[in-house]
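Commentary on secondary and tertiary structure
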Amino acid sequence: MKILVINSGSSSLKFKLFNMHELSILCSGLLENIGSENSSLRFHYQDKILEKKISIPEHNEALYILFDLIFEEGILVDISEVYGVGHRVVHGGNLFSKAIEINEEVLKSLEDFIPLAPLHNPANIAGIHALSKKAPKLRQVAVFDTAFHHNMPEYASRYALRDSLYNEDKIQRYGFHGTSHSFVFKQVCLHLNKEPSLTNIISLHLGNGASACAIKKGVSVDTSMGMTPLEGLVMGTRCGDIDPSIIFYLHRHKGYSIDEIDTLLNKNSGLLGLCGNNDIRSILSQAKPGNKYQLAIDIFVYRIKKYIGAYMAVLEDVDAIVFTGGIGENSSEIRRKVCEGLGILSIYIDENQNLQEGTKEFSFHSKESSIKLFVIPTNEELEIALQTKEVLEGLSE
Ligand code: AMP
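Quick notes on the rules
- Residues numbered from 1 in each chain as written.
- Predicted model: local features only at pLDDT ≥ 70, side-chain atom pairs only at ≥ 80, totals over all residues.
- Heavy atoms only, no water.
- Pairing = 2+ DSSP bridges.
- Helix = DSSP H or I, 4+ residues; strand = E, 2+ residues; numbered from the N terminus.
- Contact = heavy atoms within 4.5 Å.
- Axes fitted to C-alpha atoms, helices over the stretch in contact; angles between N-to-C directions.
- Phe/Tyr/Trp six-rings, centres within 6.5 Å; stacked < 30°, edge-to-face > 60°.
- Buried < 20%, exposed > 50% of the residue type's maximum accessible area, 1.4 Å probe, protein only.
- Lys NZ or Arg CZ within 6 Å of the ring centre and 35° of its normal.
- Core = buried A, V, L, I, M, F, W, Y, C linked by side-chain atoms within 4.5 Å.

Sheets are built from strands paired through backbone hydrogen bonds, the pairs being either parallel or antiparallel. Taken in spatial order, the 6 strands of this open sheet run β11-β10-β9-β12-β14-β13, and their pairing is mixed. Edge positions in the sheet fall to β11 (219-223) and β13 (362-363), since each of these pairs with one other strand and no more. As judged from the 2 bridges shared by β13 and strand β14 (residues 372-375), these two strands associate in the antiparallel manner. If you follow S363 over to β14, its bridge partner there is F374. Sitting on the sheet, helix α13 (residues 332-339) touches β12 (320-324), β13 and β14, and the angle it makes with β12 is about 150 degrees.

Bringing the packing of aromatic side chains into the picture now. Across all of its chains, the model carries 6 aromatic pairs by this definition. Geometrically, the ring pair formed by F96 and F144 is stacked, given 4.6 Å between the ring centres and 5 degrees between the ring planes. With F96 in the loop between β6 (82-89) and β7 (100-101) and F144 in strand β8 (residues 140-144), this pair connects stretches of sequence that are 48 residues apart. This pair shows no difference in class: F96 is buried, exactly as F144 is. In this structure an aromatic cluster arises from ring pairing among F323, F362 and F364. In this structure, R158 packs its charged tip against the face of Y166, placed 3.9 Å from the ring centre. Positioned above the aromatic ring of F364 is the side chain of R335, whose terminal nitrogen or guanidinium carbon lies 5.4 Å from the ring centre.

Counting residues in each nonpolar core, the largest one holds 45 residues, and the members touching the most others are I202, L204, F300, I308, I321, F323 and I334. Within the residue set of this core, elements represented by two or more residues are β9 (200-206), β10 (210-216), α9 (270-275), α10 (280-286), α11 (292-315), β12, α13 and β14. Tallying contributions element by element places α11 first for this core, with 11 residues. Apart from the residues within four sequence positions on either side, I321 is in contact with I202, L204, I308, I347, I371, K372, L373 and F374. In terms of nonpolar packing, the next biggest core, distinct from the first, is built from 28 residues, F15, C27, Y64 and I70 among them.

Read these as layout, nothing more, since geometry by itself doesn't imply function.
Pasting the structure below:
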């Protein structure tokens, strides 16, 4: 039997088909730029890689294309070979503390959370509907980005806003990247040979979206993203933490509409806003003292350091700091800059170990470092497959 994982973004759909028992990958791929003229498909199966430009007007089409391909290639002969499908769902609001099998009621709740994740939840829901139509008997599971943070203490998840905004309007910090933080936490426990219930780490997911998470004894006790994925670290195109009054100022005095401010802060800020580029490789290659690329890196790194300091105070005792995501896994230079000058926290890197490539898991702390440093390539799809399997086998408590 197989487990299919669907990881939909606002304009993309990543998928992996796993053999259920050993969770090995049968085939995988990416459908990108859905809804635009440049949509394309990349499909890996055994030694074969298929890449082509293809019209993908909507997310449901993407799923149909994917299924047709899987059957054409003979990877599946009948839909009944699929034990279940795990969907990444970005926002589970304050309702879902763990993955859940999808039924009408769950689907309705996901629709209710669309205003909290307007770019992502509709894409996630479209995939669920498309599959229900194609294969009504197929069991589907929602695995939430927010669920891992569900047990954050109220003093960390609440904003200092009046009660009714929390109780009635559900305005609170939810946090995201939960499957990634949860995956790297489990891997680090294996490296440390330590029980999850005894382990404290700071997880840094640094990609185009970026977040830090303080994990105490396996529980997320704080994370940098908030009610939406806009809060916190500097990201590829998102500004992260800003003074909310900037929004009033732009609207009242600079003539920006609310929609324009939304686009500005989500799509044209962060690294892109600072230097016109959001690819850290290209930014690093152009950085010189005093130029805008160097400044963008300095701001990006400085914000990460601030969160490390804050989460050291939150956790009191930290076993390890983990780097993951496209930048965390691949950029030794960013890792070095983040850890530079943190001797006061007893964080010291081993320069040579740090230079390793990030396709594998490795540590890069020096002997004198009390805090261990790791690179753990994230594997959200594997984590989704694991959680899907647990839910469908009735193993999730
Ligand atoms: P993600 O959103 O996790 O795919 O991460 C995207 C970010 O990872 C971009 O800023 C890329 O520049 C960065 N990235 C990807 N590959 C590398 C690499 N080999 N070296 C440095 N940065 C990389």
